[in-house]
Every structure is written in structure tokens, then in C-alpha cells.
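Residues per chain, in single letters:
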Amino acid sequence: MSNSNAPDSPAAVIEVRNGSFSYGETPALRNVSFQVARGDFVGIVGPNGSGKSTLLKIVDGILTPQEGESLLLGKPVRSYGRKYLAREVALVPQSFTLDFDFAVHEVVDMGRYARKGLETHGLSTDELLEKLEIDALKDRRFPELSGGEKQMVVLAQALAQEPSLLLLDEPAAHLDVSYQLRLFDWLKKLNNEGLTIVCVLHDLNLALLYFESMLVFSEGKLFASGPTEEVLTPETIEAVYGVHAYLHRHAGRTFLTFSPRSRPTRKEKVHLLCGGGTGAHLMRELVDLGYSVSVGVVNAMDTDEVTARELGLPIAAEAPFTPITDEAYRENMSLVEKADLVLLTDVPLGAGNIRNLDSLREAAVMGKDVWVLDGVAERDFTGLATGILEGLVDVRYLRDTQTMLVDLGERV
Ligand code: ADP
């Protein structure tokens, strides 16, 4: 997939050039250009109303752009007869209802009408149902099927058309997670067999999991396009959907989590002394509330360090399983100096990180606000913590992180 500025490729199945479309006064697509090559597996995402369905209808020839052009296999879509289009392009709509009580195999057979009188090199209905593992549904009445079963039957119908291009409009919208994965596994297989697939979907994690490339729409414009991992960045998601997104890597996979966009930025700078995952939740909450957050000293690869990195926070980090060195201590102090408030989470205190309490003491001496989660003695494995904290008069002890957040919110 590429945008249309790339050199013309004879292998382009779809090419939209400066396409614009309005429903009366309502603009739906504005000056959109891209190409889809033969064998591509392309996902389309974007908020509701951003023009995705309109685009599929333009590619399928149901709508014609008022400006620009939509080409299929190098020729304007409008130059093809309806019958030819029905053969080459199959569109699986968002929902599918039938007024008549057809059996599943009859519904699948309907897909063959477009090929009537033509040679068929594809699978029989029985073979198709078997291939999609829905042969048990063959004689069931279509209206009685579950949403997921219907979706698989409609996919079988589209494949019976033997198209060279399969368009899908939110095929997973009404499916439970098991059907969703089954459907996308099937699409992936069909793509590996050579079918070009363009699919509108909402779930950005499914997009990351299955799609090689993406088109991202926003307010009728193509906001971004390219390889999925390059396109679905937190910055793009924030710009297009207006939510914070965080990228995580786990077991060799990338996935996203989301939270609402921050409220107006708070002025306070908060430094977290944490580790071992005791600060991860708090970091995210504070960032979402709009605070400037920094983190230290944490060991590289520890949950708190990974989370802080994902959130793009300033971090003072030490090598894994290494006690805090002078260098990391100084780095941490440079972050403490910039903070208004220093928080010590309920991180267990051992020989490796006890120096974080020295930072806390220095912060108090500098006149910073210093807040500590209750129960330090119980999580101190050095026997030194109580002594270090004893001399400090203005330390504020809090019951839990929730109280901490509430009190922070009320702090003037
Ligand atoms: P998406 O698929 O991304 O949700 P659509 O392509 O359905 O977006 O819609 C794009 C814009 O066009 C929206 O503002 C929508 O309200 C409008 N629109 C879609 N279909 C019609 C229609 N049949 N008549 C009038 N406006 C429409």
C-alpha cells in the first residue's frame, strides 16, 4: 500500500486519486489519495463519521467521487459494468439481514450469481463451508443464526463470488473475541492465498495483530498511511481519536491501551520514588490528571521503568539488579530538584534501593513537599528506613495511593 505520490504500479488493484465525496452538503471524503497493491492486507481505521464506509462504497462502485478518481485494476471504477464489478469486488457489509427464510447453503449460493455462465475455478459451497469450519451450519436457517455465525456465512457468500478484492466493513463489530480471532485468522489465510483484502475495523489492537498496513482517516481526510506499527503511534491516535494511547510490548507482541485525554495541565511537578511496579498505576493516573511526572531511581527493565518509558517520563535508572550508584543517585537528585512534590510509593526497601530514602531526606531539606505511603517499617528490609525518616518533620504519611490522588487534587 502506498500513497499516490509513489510511482504508478501496474499491480495496483485500487487507486484513489484526489477523491472527494459529499452527501448533499455533508462532506464525507476530502481529497483522498492512496493505492492498494495486489495481495495487500490493509486495515482502515478512524473515528465514527470519518469517511471509512463511504470510501469502501466508492471502491465498490456504489458511489462515485464528485471530484478526483477511483480506479480498479487501472481503469475508472465507473467504466466497469455492475456485473463485472460484482465479480471482481465483494463487499461484506456491517450488518446483513434477509427477509426470506433461506438455508445457509442457499445464502452462500447467492454469491455465485455474479459468476453465472462463467468458468469457475473456486470451491463448491460444501467445500467453502468446510474450509471456513461452518459446515455444521449448512442446513440451518440463516435468520436463526447468531451474529458471529451469520458473519462467517456472509464471508462464505462473498468468497463464493470468487472476487479478486474483498472489502469488509467492520466485520468484527458484533462478534465475541473468539469469533473475532477466527474471522481474522481466516482473512489472514485467504490473504496468504493471494486475495487482496481491505477491511474497516474499530479495534486498533486487532489491527496491530493482523494487518500489515493501515489507512487512518480523520474527518474525511487520509491522516496517515503505511506499515501498521509505524502508523498506529500514540501521537496519531491522540490526534485522531482525542485519547491518550500507550504502546506496550509483551511476549514479542505490541499492543495499545488507552485512557481519556488529560484534563487541563496541572502546574505541579511530581517525582515518584518507586520500583517493582509500585509506581506504574500512579504514574499513569498522574499523567492523565495532567501533572508533570518524573521517576527514579528504578532498575532498567523493572515494571516501573518500562511504564515510565512508555509514558515518555524523565527517569533516573540503574542497571538491572544493581544497587543505586552515585551516578544514578545524582541523576535522581536532578529530577528531585525540579519537582514540587516527592512521593515514596510502597516499594519494598532493600540494600539495592535504600538510597532513595536519602533522596527523600534531601528533598525535605530543600523544602519540597514529601509524601510517603504508610507502612514503611513493614517493607523495610534494611532496618535503616525508620532512622532515616525519623529526623524529618514535615513528611506527610498517607494511607493509600487513592488518598494520595485525592489529596493531590485538593492541594492548592
Ligand atoms: P464512517 O464509516 O467512518 O463512520 P461514513 O463514511 O459512514 O463514516 O460517514 C462519513 C460522513 O458522511 C459522516 O458525516 C456521515 O454522517 C455522512 N454520511 C454517511 N452516509 C450518509 C448518507 N447516506 N446521507 C448523508 N450523510 C451521510
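Let me sum up the structure you'll find in this document. Since we're looking at a predicted model, the values are computed, not measured. Every chain is numbered independently, its residues counted from 1 as its sequence is written. Reporting of local features is limited, given that this is a predicted model, to residues whose pLDDT is at least 70; pairs of side-chain atoms are given and counted only at 80 or more, and all residues count toward the totals for whole chains, interfaces and linings. As a rule here, side-chain values come from all non-hydrogen atoms in the structure, and water together with hydrogens is ignored.

Time to look at the packing of aromatic side chains. Only Phe, Tyr and Trp rings take part, Trp by its six-membered ring, and two of them pair if their centres are within 6.5 Å. Stacked means planes under 30 degrees apart, edge-to-face means over 60, and tilted covers everything else. A full pass over the atoms with the stated rule returns 5 aromatic pairs. Ring centres 4.9 Å apart and planes at 10° place the aromatic pair Tyr-80 and Tyr-84 in the stacked group. Only protein chains enter the calculation, and the probe is 1.4 Å; a residue is then buried if its accessible area is under 20% of its type maximum, exposed if over 50%, and partly exposed in between. For Tyr-80, a relative accessible area of 12% corresponds to the buried category. Residue classification places Tyr-84 among the partly exposed positions, given a relative accessible area of 27%. On the basis of an interplanar angle of 75° and a centroid distance of 5.9 Å, the ring pair of Phe-184 and Phe-211 is categorised as edge-to-face. On the criterion of sequence distance, the pair formed by Phe-184 in helix H6 (residues 177-192) and Phe-211 in the loop between helix H7 (204-210) and strand E9 (213-218) is long-range, its members being 27 residues apart. One exposure class covers both Phe-184 and Phe-211, and it is buried. Helix numbers and strand numbers start at the N terminus; a helix is a DSSP run of H or I with at least 4 residues, a strand a run of E with at least 2.

Patch membership requires over 30% relative accessible area and the absence of a salt bridge. Like charges are linked within 9 Å, and nonpolar side chains (Val, Leu, Ile, Met, Phe, Trp, Tyr) within 5 Å. Using the Shrake-Rupley algorithm and a 1.4 Å probe, accessible areas are obtained, with residue cover drawn only from the displayed protein chains. Between Lys or Arg on one side and Asp or Glu on the other, a salt bridge is scored when a side-chain nitrogen of the former is within 4 Å of a carboxyl oxygen of the latter. Charge convention: Lys and Arg are scored as positive, Asp and Glu as negative, and His as well as the terminal groups of each chain are ignored. We put the charge of a Lys on NZ, of an Arg on CZ, of an Asp on CG and of a Glu on CD. On the surface, a cluster of negative charge is contributed by Glu-127, Glu-130, Glu-133 and Asp-135. On the secondary structure map, Glu-133 appears in the loop between helix H4 (125-131) and helix H5 (147-160).

Attention now moves to the site of the ligand. Around the ligand, a shell composed of Tyr-23, Thr-26, Ala-28, Pro-47, Asn-48, Gly-49, Ser-50, Gly-51, Lys-52, Ser-53 and Thr-54 is seen. The contact in question runs from an oxygen atom of the ligand to an N or O atom on the backbone of Ser-50, over 3.0 Å. One of the backbone nitrogen or oxygen atoms of Gly-51 is found 3.0 Å away from an oxygen atom of the ligand. Its free accessible area being 560 Å², the ligand has 60% of it covered by the protein chains. Elements that contribute at least two residues to the shell around the ligand include exactly strand E2 (26-37) and helix H1 (52-59). Residue polarity follows a fixed list, in which Ala, Val, Leu, Ile, Met, Phe, Trp, Tyr, Cys and Pro are nonpolar, Asp, Glu, Lys and Arg are charged, and the others, Gly among them, are polar. Residue composition of the shell around the ligand, by class: 3 nonpolar, 7 polar and 1 charged. Throughout, the term near means that a residue has one or more heavy atoms lying within 4 Å of the molecule or strand in question. N or O atoms closer than or at 3.5 Å make up a polar contact, with two conditions inside protein: a donor-capable atom paired with an acceptor-capable one, and, for residues adjacent in sequence, both atoms drawn from side chains.

Another point: the pairing of strand E12 (residues 253-260). Within a regular strand, side chains alternate between the sheet's two faces. Only strands joined by at least two bridges in the DSSP assignment are considered to pair. The pairing of strand E11 (residues 243-250) with E12 spans 8 bridges and is antiparallel. By the bridge assignment for E12, Arg-249 is matched with Thr-254. Counting the residues between successive antiparallel strands, the hairpin from E11 to E12 contains 2 residues, one of them, Ala-251, with a positive phi of roughly 50°.

What follows covers the side chain of Glu-149. As for its position among the elements, Glu-149 is in helix H5. Put simply, Glu-149 is tucked away with no salt bridge, and the nearest opposite charge, on Arg-140, sits 4.1 Å away. For Glu-149, the side chain forms a polar contact with the main-chain nitrogen of Ser-146, separated by 2.9 Å.

Distances and angles like these do not, on their own, reveal function.
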